[in-house]
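# Geometric and topological summary
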Amino acid sequence: MFGRSLFAVFAVVAVASGCGGGSESYASIVDKAKNDKKLVIGVKADQPGLGLRTPDGAFTGFDIEVAKYVAKQLGVEPSGITFKETVSANREAFIEQGQVDLVVATYSITDARKQKVSFAGPYFVAGQDLLVRADEAALTGPEALNGKKLCSVAGSTPAQKVKAEYAKEVQLQEERTYSACVDRVLGGQLDAITTDNVILAGYAAQHSGKLKVVGKTFSTEKYGIGMKKDDTAGRKAVNDALEKMFSDGSWTKALQASVGASGFTLPQAPQLERY
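As the structure is a prediction and not an experimental result, all values here were calculated from the model.

## Examining the state of the cysteines
For the coordinates displayed, the defined rule picks out one disulfide. A sulfur-sulfur separation of 2.1 Å characterises the disulfide bridge that pairs Cys-151 with Cys-181. Its torsion about the S-S bond being -70 degrees, the disulfide of Cys-151 and Cys-181 is classed as left-handed. Of this pair, Cys-151 sits in strand β9 (residues 149–153) while Cys-181 sits in helix α7 (residues 178–186), and the two are 30 residues apart along the sequence. Taking the relative accessible area as the measure of exposure, Cys-181 reaches 0% and is therefore buried.

## Some remarks on the sheet that holds strand β3 (residues 51–53)
With antiparallel pairing, three strands are arranged side by side in an open sheet as β2-β3-β4. In this open sheet, the two edge strands, each paired with only one partner strand, are β2 (46–47) and β4 (59–60). Sheet analysis places β2 next to β3, joined by two bridges and oriented antiparallel. When the bridges of β3 are listed, Asp-46 appears paired with Leu-52.

## Looking at the pattern of salt bridges
Taken as a whole, this structure holds 13 salt bridges when the rule is applied. Between Glu-92 and Arg-113 there is a salt bridge; the shortest N-O distance is 3.6 Å. A residue pair is termed long-range when its members are at least 10 positions apart, and Glu-92 in helix α4 (residues 91–96) and Arg-113 in helix α5 (residues 111–114) qualify at 21 residues. Overall, Glu-92 belongs to the buried group, its relative accessible area being 14%. A relative accessible area of 22% means that Arg-113 is categorised as partly exposed. Each of Lys-236, Asp-240, Glu-243 and Arg-274 takes part in salt bridges that share partners, so that together they form one network.

Procedures and definitions
- Residues numbered from 1 in each chain as written.
- Predicted model: local features only at pLDDT ≥ 70, side-chain atom pairs only at ≥ 80, totals over all residues.
- Heavy atoms only, no water.
- Disulfide = S-S within 2.5 Å.
- Helix = DSSP H or I, 4+ residues; strand = E, 2+ residues; numbered from the N terminus.
- Buried < 20%, exposed > 50% of the residue type's maximum accessible area, 1.4 Å probe, protein only.
- Pairing = 2+ DSSP bridges.
- Salt bridge = Lys/Arg side-chain N within 4 Å of Asp/Glu carboxyl O.

Now the structure itself:
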């Protein structure tokens, strides 16, 4: 009886230790990719053109294509990738806990985040912008928002930045999701949405002919690929993969396919910041 109970305990521990799905049993994601041919990658699920879960459960968008390309360079086929939904608030925790191996989720590189995780990239440089109705001619930038109704998501800072620095008389409206903001702008209840331009471009592409990105950025957001803080080998390998993606045309092709329909002006590939 004791022997069977002890075996059961060991079995539970063994199963539990393998549940995280991340790279906790390897010194680097390079080793996990090489040996297991599998990676768990954290992505957004609600951003059209960047990271969006479709009704059939698949993920599409520019971040998804970047993730697939990088994984392929590390030796992992698309079939070996498990995409795990992340939100802004849990990205560092997922990496630190080993729930994911990489995060590719409009993840801005900041000094504060570098204290907890490591970054490769940037693979894209975004800037805060405005999304308005396609027939809107007066809203040419953030300084034109005095007396207008501006939407952003709860807990984010872009709308506050507009009020503090550009248009003190703007009326701020917070919604739980950007898609809720989009619905209210389309319906005429609100005038504009603010967040990163490439995120807005995804919504513009989703509602082609009805919404447009103003095209006047007023911040700099460098999107990086997050991983465990001490994974120097992983950071180098991912940067090498990104460099190849930039040079062989795959980066431009993925961006065009993801957000090109919005009329978004495609930038040049950014300069990697290796450290």
